[in-house]
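# A structural walkthrough
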Protein chains: 2
Amino acid sequence: MSVQARRVTSSDPVTILEIAAEVLTAQPGASLADVAAAAGVGRTTLHNRFPTREALLLALAHDSLDRCADATMNAGVHGVDETTSRAELQAILTRLVHAYIPLGPRLDFLLQQPRAAVDETLQARIPELDAPLERFIAHAQQADLIAPDLPPWWVVGTLYSLTYSAWDHIASGNLAPREATPLTLRTFLKGCGL
Amino acid sequence: MSVQARRVTSSDPVTILEIAAEVLTAQPGASLADVAAAAGVGRTTLHNRFPTREALLLALAHDSLDRCADATMNAGVHGVDETTSRAELQAILTRLVHAYIPLGPRLDFLLQQPRAAVDETLQARIPELDAPLERFIAHAQQADLIAPDLPPWWVVGTLYSLTYSAWDHIASGNLAPREATPLTLRTFLKGCGL
DNA sequence: CCGCGCTTGAACACTCATGTTCAGAACTAT
DNA sequence: ATAGTTCTGAACATGAGTGTTCAAGCGCGG
């Protein structure tokens, strides 16, 4: 479902983006030489793949958005309507949280991006990512899974922030990955539930 | 209660830090010239106040931590013990959330700081900031205000992330400042309550 | 075997942030 | 008014990151 479908080489762009995400998230001011070194690639090669620094940041942002969109899609958020059962809605929510927690570094990167410098195509994708989630929340409210008086954007924001918090605790060694999803889900469902 | 007590001039360091926080949070890579311009101050003056960029970042981090410590202190977190009533605990929590929400940019700044580059004195202050909160949460658990099976660090993390989320919604224009505290409190208390 | 593509390290010029110095302006207190 | 302090703009040297070019190395298929 990813936008980019390039052929795979020994050090393919996807891997480079993966590592670039880690490096640039940990240290937003890292030089391209640092990124190339971390990816085990020559600086020239990095420039061949991504002509400018901004191109790399842009590709990284789009890739991060792709992953979020994939996670949303795979959880089954798009398949809900008025007839979807409460149990099914909760199952989707579980898959959603489970898929989003590992995306912590990517969410971190997206949040760190200065909004002014972000280009239009990127700016336009953020609402596209939130909209299906808010629709899903609206359905969950109709099914009495989520408190109906809460604004959907607040519920989605709560979901994001709790998920990010869970990833942060995992990264700092406090939280075992296996316990992250149930803990996050419990806090979210009680916090935004009836 | 702040560590620093300098004399006040027309463009005192506190104001500079205030504006530097905004600028550097919005754009972490902003140049010192940008900061100086935003503060309405010559670049030379900025260099007189903070000899190096790192000195500015360090002062900013310490100032941010000061504000957080002040907010915690003023909310009355330190005065609790086993005899504190549930109502009083909840009142403290309310003051805490209310005081922390405006600190959003500062929390953002502290989180963006690459952990490796942070010096020791700064590193040591973070646990000093969390410890009283966790103690407070432990008391709230004994008073049946917070679910006793949740780890205090998770509860504190939830409090932080919801507060940050509230500030984010205010900044993006979704949420009216007056409604931020009750909304955050409600979500938190239900999420981490019994 | 040979050519083709990709990678790589080195070298280069260029830009920009940084830190420093200095002399003049503005402001304050005596 | 005057001396002392601070602020300010300008200029400069320095260093680091960036983008470019090029020649050499390597793998792979024809």
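Scroll up to find the structure this text is about.
To start, this report covers the structure provided alongside it. (Residues numbered from 1 in each chain as written. Chains lettered and ligands numbered in written order. Predicted model: local features only at pLDDT ≥ 70, side-chain atom pairs only at ≥ 80, totals over all residues. Heavy atoms only, no water.)

## With respect to the overall build of chain A
When helices and strands are counted, chain A shows nine helices and zero strands. Against the compact-globule benchmark of 16 Å for 194 residues, chain A has a radius of gyration of 18 Å, which places it among compact chains. Counting only C-alpha atoms and orienting by the principal axes, one finds that chain A spans roughly 55 × 35 × 30 Å. Split into buried and exposed, the 194 residues of chain A put 47% on the buried side. In chain A, of all internal contacts separated by at least 6 residues, the share reaching a separation of at least 24 is 72%. Accessible area for chain A stands at about 9300 Å²; split by element, carbon and sulfur atoms hold 56% of it. Distance between charge centroids for chain A: 5 Å, based on 15 positive and 21 negative side chains. (Helix = DSSP H or I, 4+ residues; strand = E, 2+ residues; numbered from the N terminus. Rg over C-alpha atoms; globule rule 2.2 N^0.38 Å. Buried < 20%, exposed > 50% of the residue type's maximum accessible area, 1.4 Å probe, protein only. Contact = heavy atoms within 4.5 Å. Areas by Shrake-Rupley, 256 points an atom, 1.4 Å probe, with all protein chains shown as cover. Lys, Arg positive; Asp, Glu negative; His and termini not counted. Charge placed at Lys NZ, Arg CZ, Asp CG, Glu CD.)

## What about the packing of helix α8 (residues 152-171) of chain A against helix α8 (residues 152-171) of chain B?
At a closest axis distance of 9 Å, the pairing of α8(A) and α8(B) adopts a crossing angle of 135°. In terms of orientation, α8(A) lies oblique with respect to α8(B). Relative to α8(B), the crossing made by α8(A) is right-handed. On α8(B), the residues that touch A:Trp153, A:Trp154, A:Gly157, A:Thr158, A:Ser161, A:Leu162, A:Ser165, A:Ala166 and A:His169 of α8(A) are B:Trp153, B:Trp154, B:Gly157, B:Thr158, B:Ser161, B:Leu162, B:Ser165, B:Ala166 and B:His169. Of the residues belonging to the contact of α8(A) with α8(B), the class tally is eight nonpolar, ten polar and no charged. (Axes fitted to C-alpha atoms, helices over the stretch in contact; angles between N-to-C directions. Parallel < 35°, antiparallel > 145°, perpendicular 65-115°, else oblique. Left-handed = near helix turned anticlockwise from the far one by under 90°. Nonpolar A, V, L, I, M, F, W, Y, C, P; charged D, E, K, R; others polar.)

## A closer look at the relation of the copies chain B and chain A
Here chain B sits on chain A after a turn of 180° about the axis and a move of 0.1 Å along it, with an RMSD of 0.1 Å. Considering both components of the superposition, the chain copies are consistent with a two-fold axis. Minimal C-alpha separation from the rotation axis in chain B is found for B:Gly191, amounting to 1.7 Å. In this assembly the copies share their binding face: 97% of the residues contributing to the interface of chain B also contribute to that of chain A. (Least-squares fit on C-alpha atoms with pLDDT ≥ 70 in both.)

## Concerning the packing of helix α5 (residues 86-100) of chain B against helix α7 (residues 120-142) of chain B
A pair of packed helices is captured by two measures, namely the crossing angle of their axes and the spacing between those axes. All names here are of chain B. Contact pair α5 / α7: the axes reach a minimum separation of 11 Å and the direction vectors enclose 145°. Like other packed secondary-structure pairs, α5 and α7 cross with a definite hand, here left-handed. On the side of α5, the interface is formed by Leu-89, Ile-92, Leu-93, Leu-96 and Tyr-100, while α7 contributes Leu-129, Leu-133, Phe-136, His-139 and Ala-140. Residue composition of the contact of α5 with α7, by class: nine nonpolar, one polar and no charged.

## So, unusual backbone geometry
Even without being glycine, A:Asp144 reaches a positive phi, approximately 65°. With respect to the helices, strands and loops of the structure, A:Asp144 is situated in the loop between α7 (120-142) and α8.

## Some details on the protein's contact with DNA strand D
Not every one of the 16 residues close to DNA strand D is listed here, only the nearest: A:Leu32, A:Arg53, B:Thr44, B:Thr45 and B:Arg49. Close to the protein, within 4 Å, the atoms of DNA strand D belong to sugar or phosphate groups at a rate of 49%. Measuring from a base oxygen of DNA strand D, one finds a side-chain N or O atom of B:Thr44 at 2.9 Å. Residue B:Arg49 places a side-chain N or O atom 2.5 Å away from a phosphate oxygen belonging to DNA strand D. A per-element tally of the surface near DNA strand D places helix α3 (residues 43-49) of chain B first, with five residues. (Near = heavy atom within 4 Å. Polar contact = N/O pair within 3.5 Å; in protein donor to acceptor, adjacent residues only side chain to side chain.)

## Some points on the state of the cysteines
On inspection of all chains with the given rule, the structure shows zero disulfides over all chains. Here A:Cys68 is not disulfide-linked; the sulfur of A:Cys192 is the nearest cysteine sulfur, at 19 Å. (Disulfide = S-S within 2.5 Å.)

## Examining the protein's contact with DNA strand C
Taken together, 16 residues are adjacent to DNA strand C, and A:Thr45, A:Arg49, B:Leu32, B:Arg43 and B:Arg53 come closest. The share of sugar and phosphate among atoms of DNA strand C within 4 Å of the protein is 50%. Elements with a contribution of two residues or more to the surface near DNA strand C: α3 (43-49) of chain A together with α3 of chain B. Among the elements that take part in the surface near DNA strand C, α3(A) stands out by supplying five residues, more than any other. Class assignment of the residues belonging to the surface near DNA strand C gives a composition of two nonpolar, nine polar and five charged.

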